[in-house]
Amino acid sequence: VLYAVIVCIAPYAAAASGRSSLAPEVQRRMELAGELQEYGLRFGFAPTNNFKTYQEGLESYSLCYYAEKFSLAVKFARGSDCPSDRSKYDIDIKVVEALAGIATPLSRDLVNAPIARFIMVVFHEDFHEQMIGAPTLAINESAATLLGLLLAREFAFQKYGAASAVLGELDS
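Not measured: the values here are computed from a predicted model.

A. Representation of the environment of Ile 91 within the structure. With respect to the helices, strands and loops of the structure, Ile 91 is situated in strand E3 (residues 89-96). Given a relative accessible area of 15%, Ile 91 falls into the buried group. Put simply, Ile 91 and Tyr 66 are 25 residues apart on the chain and 4.4 Å apart in space, counted from C-alpha to C-alpha. In contact with Ile 91, not counting residues within four places along its chain, are Cys 64, Tyr 65, Tyr 66, Cys 82, Pro 83, Ser 84, Asp 85 and Arg 86.

B. Here's a closer look at the nonpolar core. Leu 36, Leu 106, Phe 118, Ile 119 and Phe 123 are the most contacted members of the largest nonpolar core, which totals 31 residues. Examining the composition of this core, we find that 8 residues originate from one element, helix H4 (residues 115-128), more than from any other. Every residue in contact with Phe 123, bar those within four places of it in the chain, is listed here: Leu 36, Tyr 39, Gly 40, Phe 45, Gly 148, Leu 151, Ala 152 and Phe 155. Cys 64, Cys 82, Tyr 89 and Ile 91 belong to the second-largest nonpolar core, a separate cluster that totals 6 residues.

C. Quick look at the confidence of the model for the protein chain. In the predicted model, the protein chain carries a mean pLDDT of 85, and 88% of its residues have values of at least 70. Here residues 1-19 scores under 50 on pLDDT; set against residues more than four positions off or in separate chains, the count is 7 contacts.

Analysis parameters
Residues numbered from 1 in each chain as written. Predicted model: local features only at pLDDT ≥ 70, side-chain atom pairs only at ≥ 80, totals over all residues. Heavy atoms only, no water. Helix = DSSP H or I, 4+ residues; strand = E, 2+ residues; numbered from the N terminus. Buried < 20%, exposed > 50% of the residue type's maximum accessible area, 1.4 Å probe, protein only. Contact = heavy atoms within 4.5 Å. Core = buried A, V, L, I, M, F, W, Y, C linked by side-chain atoms within 4.5 Å. pLDDT = per-residue confidence, 0-100.

What follows is the structure, given as structure tokens:
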């Protein structure tokens, strides 16, 4: 009877966690993302749905920044929403590890990023979701980068120590 209970409960427990079949490094990074998000709550961040899952085939995200020729009004798009007419638009395509506002799963590039980069990106993307209605893309990105770095530095100092390589990388 005990064997039957174990056989029936073990698969249920594994499925309930949703993480048992993930590679150890992915599991560690998901746990670290959760720890970072808990830390953000102490600074007034609202909870987000970012980094709760891992998408095996997702390497990174492609972002397209574009403006009409002779205009400074920069817009952004993802994937196929990017305009392709380079005679009409100045187009700059960037590859990034994560995006805010889409319940972003961990990408392969973010899982493989150095710890300092991982920490900063998680705070950066989660801060975007705290700034709904920023007047410009430039202000939104600048604020998310500044707060991402400041919180990453403070978290690294607390978790890894003043002499850690992670803090050193964030300070460089």
